[in-house]
Structure formats: structure tokens, C-alpha cells
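# Remarks on the overall topology
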Amino acid sequence: MARTEPPRTGRLARGTITGIAAARIGMAQLGHRVRTPSAQAQADHEAALGRILFGALGQLRGSALKVSQLLSMHPGLLPDGVRQELARAHHQAPPLNRALVGRVFRQAFGQEPEALFEHFEPTAFAAASLGQVHRAQLAGHGTVAVKVQYPGIATTITSDMQLMRAALRALAHTDMPLPANTVVDSVMTEIEATLLREVDYLQEADQLQWFAQHAALPGVVLAQPILSHTRAQVLTQQFLPGQHLQDWLASQPTQAQRDRAGQHLWDWFMHCLFVLGRVHADPHPGNFLFAPDGTVGVLDFGCTRSLSGGFRAQVTQAWSALLRPPTDPRRDALVLQAYQALGLVNARLTVPAYTAELAPALADMQAWQMEPFTQPVFDFGVKTPPPITAGRHQRMLGEHLVQVPGEMPAFERMWMGLMHLLTGLGARVHTHCPALLPS
């Protein structure tokens, strides 16, 4: 990967990039209107708009790329063609040069990294949208991983979120079937709060300690932070061995090994969700390491979320009801009751209206969510991909969804990421979950 300078932090420069993107979205919409309407033309149009958005975010880099990642993991927020283009942000990670790494350390510790560690590798071995990771040797701890935040990232978050809202407003002036402004605003507000937490590495160190203390399960390994060498922009933690998912799969693990790793992941996420009420909310493959025996190491606790008892109770009610037979007369009433308690849909929506209008628009996504619970041992090797929401259903969702609870975006990212991991593993998993037994 080529070395790079940090993202441009000037408000004018970043505003110009998104302004050009908004203008290009408008031009693309005009071009789309003169084409013959068809499903393929609509799909091509969505992809084109997604490329425009991604191109702007790619130029902004930093927190803007992280926003792109997070938005791509919300299947009900943006049209699928747009969302799939934004998902490319997971693969954009150019590292900083040595001088900039030294600047971060001088600001955080008043000295160079070589003075703090017995040995510090100047070339990062991993890089992401907000920072990069170096190996080092630390007396008394052996090999450690040192995460270094890109300079200026934290200062761009608030302005970048304003710019992204402006870009999404430009999308709203197209014929894209988008949710109500209140829904988009609630998701963007949660993403902004997530980013502000994620650039505080002292907060991440606290989360690492909490999860290591409360969420330790057999087969799952969490790194402990080393607080003496941690600051708001530098996080030092134990080095976890293992391979990322694609590298581990290239080593051709047996089905039994893949099943074991998948079971560890499933059990850990279910424990965090239904028992602890606090989840890892950024579960893309780069945050997990796999050992030959199927042990899984979990990385990057900057993006976690506490889920209230009320939120979990309503999700449990909705999911338990969805596991009832479609002919069960209480099924739709219980689902609607849970959605209304969450504030997702209008409190005045009646059960007949839900059944006739909203349930058909939600059916494919609900079936995809609940699929693993339909069999005692579920084979993720045949897991269906996330459904593509038809335009008419997207419009129906836009009419009935009134807001997104603050906990919902993190919950959706958790579930989407877990399904992606287990599908990639092709694992066969015991998915019995006592919390979801119908009452």
C-alpha cells in the first residue's frame, strides 16, 4: 500500500468535495429521467449514485470513510445499489508515513515511539479508516499492538456529518425510495455519536477492560489494554495471534474447525446481546482473528453499544413472534406491538393495516433475520444473502417508519456483521436461543 498524507481537514476543501458530489447527483438524476424506465436502469442508477457518494467519501477519507462503512451496514436505510457501493470503503486503508506517526507520539507522550518501546516497527501491519496498527516490543509484555490515530481525524467528524447530511438530502431530491427525514437523521445522529466515541482511545481501553472482565467465554480471546502506553490518540494492547478470515480460509481449515469457530462467534454474540446487554457494534471481518484450533480473537472495541433492557425486551418479543407460524392469529399483533413500543412505527397503525401494508414490505428482511433460528443446527454455508428491497416496498417503509431508536443502528450492524462472518466461514452452528422461545 502506498504511503499517504493525513486527510485534508480544512472545512472549505472538504465542503467543496461534497458540493461537487451533490451537483453530480443532480446531473445523474436528470440523465436517469430521460432513459427508458426498467429494473436494470434503476439498478444502474442506484449504483451510479453510490459511486458518486463513495468517490466523495474516498477523497475526504478519515471519518468520512468510516461513515461510508457504517451506512453500508444498514439495509433498510439506503437503496441496495447505493449501499453496495458504499461497502467498498472496507477495503480503503492507505497507511501514514513515518514522520506523521512520530508527530502523533510527540503530541501524546512528548517523545518518539522508539523511546517508549524496546522496538517499534515503523511500517503499519494493519490500517483502517481512522488509524493504523504497528507491532512493537514492550518490556514485561512482549509483542504488543499499537494503534495510532490519523492526525486531525477527530476535528473533522462534526463537519463531515453535516456534509454527509447534505449529500443525503441531495439523494432525497432524486426518485430514490428513501425513508423519512426523521429516520435518516436518527441514524446519522447515532453514527456521529459512535464516531466521537471511537476516536477516543481511552474510551476504547475502558471497553476492552470491561469486555475482558465480563464477556470472556471459552474459545474467544480479547486483548487487554496497556494503560501506561495508551492515550486518547494511541492505544497499546496485547498482541493477539491468528489470521484474518480470508487468510485463515486459504489455509483450508476442516469443516469441524470452521464449525468450532462459528459456534464460538455465535455463542459470544448471543451472550453479549441477551445476557450482558452490550455488543461489539463493528463486526466486519477485519476485527476478528482465527487460530488453527478455531479460537477467535476479537479486535477493535472502539465501536460498542449498550442495549437497554426495554430495547432487548421488544426485540425479543418481535423475534419470538416472527418464529410463530404465519397462520398464528397473534403473530402480527405481537410484532406490531413491539415495533410500536420501540417507536419504529406510528402508534396509530392498526393490526389490519400492518398486515396489509407494512408486513409484506418487511417480510423478506424478517425472514432473512430469523432464518438461523428456524433449525436446531443451521448451516451458514447455505445462508441466503440479505434481500434486495423492491422499490415499492422501500416506499412503503418510508411511509410507515417514523424513527429509528438510538440502539437500533448498532444492533443492525451487529446482526449484519455476524451473519456475514458466519456465512463466510460456512459454519454449522447450534442456534438454539432460550430467550426467543415463544410464550
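Details of the structure are given in the entry above.
Throughout what follows, the structure given in this document is the object of discussion. Predicted model, so just to flag it, every value in this text is computed and none were measured. (Residues numbered from 1 in each chain as written. Predicted model: local features only at pLDDT ≥ 70, side-chain atom pairs only at ≥ 80, totals over all residues. Heavy atoms only, no water.)

### Structural notes on the side chain of Glu204
Heads up, the condition is: Secondary structure is summarised from DSSP: a helix means a run of H or I of at least four residues, a strand means a run of E of at least two, and numbering begins at the N terminus for each. Three labels apply to residues, based on accessible area from a 1.4 Å probe with only protein chains included: buried if under 20% of the type maximum, exposed if over 50%, partly exposed otherwise in between. Residue contacts are counted whenever heavy atoms from the two residues lie within 4.5 Å of one another.
Position of Glu204 among the secondary structure elements: in helix H9 (residues 201-214). A relative accessible area of 1% places Glu204 in the buried class. The residues touching Glu204, leaving out its near neighbours within four places in the chain, are Lys147, Leu235, Asp300, Phe301 and Gly302.

### Side note on the sheet that holds strand S5 (residues 220-222)
Just so we agree on the cut-off: DSSP-based pairing: two strands are paired if at least 2 bridges between them are found. Helix axes are fitted to C-alpha atoms over the stretch in contact, other axes to C-alpha atoms as well, and angles between N-to-C directions run from 0 to 180 degrees.
Strand order in this open sheet of three strands is S5-S9-S8, and the pairing throughout is mixed. Each edge of the open sheet carries a strand with a single partner, namely S5 and strand S8 (288-290). Here the strands of the sheet are splayed against their neighbours by 25 degrees on average, with no regard to which way each runs. The sheet contact formed by S5 and strand S9 (residues 296-298) spans three bridges and is parallel. When the bridges of S9 are listed, Leu222 appears paired with Val298.

### Points about helix H11 (residues 255-276)
Definition in use: In this analysis, the expected span of each helix is defined as 1.5 Å times one less than the number of residues it contains.
Between its terminal C-alpha atoms H11 stretches 30 Å, which fits the 32 Å expected from 22 residues at 1.5 Å a residue. Downstream of H11 by one or two residues, Gly277 has phi in the positive range, about 70 degrees.

### Here's the deal with the pattern of salt bridges
The cut-off we apply is this: By convention in these notes, a salt bridge is any Lys or Arg side-chain nitrogen within 4 Å of a carboxyl oxygen on Asp or Glu.
Tallied over the full model, the rule gives nine salt bridges. Here Arg98 makes a salt bridge to Glu112, at a shortest N to O gap of 3.5 Å. Of the two residues, Arg98 is situated in helix H5 (residues 98-109) and Glu112 in the loop between H5 and helix H6 (113-116); the sequence distance between them amounts to 14 residues. With relative accessibility at 27%, the residue Arg98 sits in the partly exposed group. By sharing partners, the salt bridges in this structure join Arg98, Arg106, Glu112 and Glu114 into a single network.

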